[in-house]
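# Structure assessment
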Amino acid sequence: SLERKMNGDDERRSRQPTNAPAINSIHRGLVSRVESYGAFVELKTTENNRHRRPPRGLVHASQLAPYRIEKIEDAVAVDDDVW
């Protein structure tokens, strides 16, 4: 609402779960999908909640290896355990 915006309350921040992983932090996960620009990873969590999907994120191709890779599949594959 306009009142919330005027008070400096960022609506996007209020919708993010409090236990969401920090951006640019390192987490363990499982590669769920590979695209030409990177890999989608489902993060492994310590919570045992069957009703919620695990948090997912994109790992950009430039972050998959310390060198330039021609194809994403050269670095990761679906079901790979990654950090």
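Provided above is the structure to which this section pertains.
About the criteria used
Residues numbered from 1 in each chain as written. Predicted model: local features only at pLDDT ≥ 70, side-chain atom pairs only at ≥ 80, totals over all residues. Heavy atoms only, no water. Helix = DSSP H or I, 4+ residues; strand = E, 2+ residues; numbered from the N terminus. Buried < 20%, exposed > 50% of the residue type's maximum accessible area, 1.4 Å probe, protein only. Contact = heavy atoms within 4.5 Å. Areas by Shrake-Rupley, 256 points an atom, 1.4 Å probe, with all protein chains shown as cover. Pairing = 2+ DSSP bridges.

So, about the overall build of the chain. Of the regular secondary structure elements, the chain holds 2 helices and 4 strands. Considering the chain as a whole, with its 83 residues, one finds that 16% of them fall into the buried category. Considering only intrachain contacts with a sequence separation of at least 6, the fraction spanning at least 24 residues in the chain is 40%. Here the chain has roughly 7300 Å² of accessible surface; of this, 48% comes from carbon and sulfur atoms.

Taken together, the 4 strands give an open sheet; going across it, the order is β3-β2-β1-β4, and neighbouring strands pair in antiparallel fashion. Edge strands, defined here as strands with exactly one partner in the open sheet, are β3 (56–60) and β4 (81–82). Bridging between strand β1 (residues 29–35) and β4 involves 2 bridges; their strand directions are antiparallel. By the bridge assignment for β4, Leu30 is matched with Asp81.

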